[in-house]
Amino acid sequence: MQAKRVWAMYWSATGTTKRVVTTIAARAAQVLGVPLKEYDFTLPAARQGAPDFAPEDLVIFGTPTYAGRVPNVLLKYLATVEGRGAAAVPVVTFGNRAFDDSLIELRDILAEHGFVPFAAAAFVGEHSFSTTLAAGRPDADDLAQAVEFAAQVAARVQAVDANTSLIAVLGRAREERTYYQPRDRAGNPVDIRKVKPETSQECDDCGLCATLCPMGSINPENVREFTGICIKCGACVKKCPKGAKYYDDPGYLYHKTELEEGYRRRAAVSIFL
């Protein structure tokens, strides 16, 4: 194909996936000498539509990894996004533990909806629960790898067509995929699905958290009230200018500590070409 546009399309509650995807897309567009477009579907309003992709598009498509998978709250929306023959590069980020089956799942979703995934990558981002687990990532070294990857993608996209085989990606077959289940030291499941952040007295009711919530679950008239689910994305906690949002649930704090203590090594970026 002769690429005529490059798209950066992503869901990114705290900005890590956005940094990786936009870095790859910008460099690929530069190498190819074509326009760069961006579509951020993090907030609920953006998930009411999608770009009109064409066979001449190259789409760098990114999501984070939640419990080893593509966030399940995005599956309904992703099923509405049609590739129409566009070349695609699925990209996931993960919080220093593992990306498990998220990348193969995203690849398969894109392929099932008319994209042609011919390359893929998994990058590390600071964990949504923590400021110490993979702190500051993607960092300069990660983004340098993203730039190099983008040049390789740009070189390969010219050979992509409707008959191009799907990029081989590490992961389990569809029927074997499971969600990562945190457990305590006795092996008992730690269930934090219904846990929601608290709000301290430092809150000045600016309403930023309600604006940033990807699920639209914080009441803008009373930011201490949740009107929907909390997916533990970290947006309200990490972006509050007063540091007023926090978690105090024992299971959540236990799991956070286990992750921070168990995954101190520098996890590697994985590239598939």
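Residues numbered from 1 in each chain as written. Predicted model: local features only at pLDDT ≥ 70, side-chain atom pairs only at ≥ 80, totals over all residues. Heavy atoms only, no water.

Colleague: So what's going on with the pairing of strand 3 (residues 57–64)? Which residues, and what values?
Modeller: Consecutive residues of a regular strand have side chains that alternate between opposite faces of the sheet. Counted residue by residue, strand 3 has eight buried out of eight residues, so it is predominantly covered. Of the two faces of strand 3, the one lined by Asp57, Val59, Phe61 and Thr63 and the one lined by Leu58, Ile60, Gly62 and Pro64 are each fully buried. By the bridge criterion, six bridges tie strand 1 (residues 5–10) to strand 3 in an arrangement that is parallel. Paired with Tyr10 across the bridge in strand 3 is Gly62. Taken together, the seven bridges between strand 3 and strand 4 (residues 87–94) define a ladder with parallel strand orientation. If you follow Thr63 over to strand 4, its bridge partner there is Val92. (Buried < 20%, exposed > 50% of the residue type's maximum accessible area, 1.4 Å probe, protein only. Helix = DSSP H or I, 4+ residues; strand = E, 2+ residues; numbered from the N terminus. Pairing = 2+ DSSP bridges.)

Colleague: Lay out the side chain of Ser12 with the relevant residues and their values.
Modeller: The residue Ser12 is located in the loop between strand 1 and helix 1 (16–32) in this model. Residue class for Ser12 comes out buried when judged on its relative accessible area of 9%. Separated by 3.5 Å, the side chain of Ser12 and the backbone nitrogen of Thr16 make a polar contact. In contact with Ser12, not counting residues within four places along its chain, are Thr17, Lys18 and Thr42. (Polar contact = N/O pair within 3.5 Å; in protein donor to acceptor, adjacent residues only side chain to side chain. Contact = heavy atoms within 4.5 Å.)

Colleague: So what's going on with the pattern of salt bridges? Which residues, and what values?
Modeller: Where charged atoms from two side chains of opposite charge approach closely, those side chains can pair. One pass over the full model with this rule turns up 15 salt bridges. Note that Arg5 is salt-bridged to Asp57, the shortest N-O span being 2.7 Å. Here the residue Arg5 occupies a position in strand 1, and Asp57 occupies one in strand 3, the gap between them amounting to 52 residues. Relative accessible area serves as the criterion here: at 1%, Asp57 is assigned to the buried category. Within this structure, Arg137, Asp139, Asp142 and Arg266 form a network of salt bridges that share partners. (Salt bridge = Lys/Arg side-chain N within 4 Å of Asp/Glu carboxyl O.)

Colleague: Tell me about the nonpolar core, and name the residues and values.
Modeller: Formed by 38 residues in total, the largest nonpolar core has its most connected members in Met9, Phe41, Phe61 and Phe115. Among the secondary structure elements, those contributing two or more residues to this core are strand 1, strand 3, helix 2 (75–78), strand 4, helix 3 (102–112) and strand 6 (120–124). (Core = buried A, V, L, I, M, F, W, Y, C linked by side-chain atoms within 4.5 Å.)

Colleague: Describe in detail helix 4 (residues 140–157), supporting the description with residues and values.
Modeller: With 18 residues, helix 4 ought to run about 26 Å at 1.5 Å a step, and its terminal C-alpha atoms sit 26 Å apart, in line with that. Inspection of helix 4 places Asp142, Ala146, Phe149, Ala150, Val153, Ala154 and Val157 among the buried residues, and these make up the whole buried set. One face of helix 4 carries all of its buried residues, which in axial projection span an arc of 140°. Across from the buried face of helix 4, at angles greater than 90 degrees, the exposed residues are Ala140, Asp141, Glu148 and Ala155. In this structure, the buried side of helix 4 is in contact with helix 1, strand 3, strand 4, strand 6 and strand 9 (270–272). (Expected span 1.5 Å × (residues − 1). Arc of directions from axis to C-beta.)

Colleague: A description of helix 1 should follow, citing residues and the corresponding values.
Modeller: For helix 1, which comprises 17 residues, the first-to-last C-alpha distance of 25 Å matches the rise-based estimate of 24 Å (1.5 Å per residue) to within 8%. Looking at helix 1, one finds that the buried residues are Thr16, Thr17, Val20, Val21, Thr23, Ile24, Ala25, Ala28, Ala29 and Leu32. Elements that come into contact with the buried residues of helix 1 comprise strand 1, strand 2 (36–40), strand 3, strand 4, strand 6 and helix 4. At the exit of helix 1 stands Gly33, carrying a positive phi of roughly 70°.

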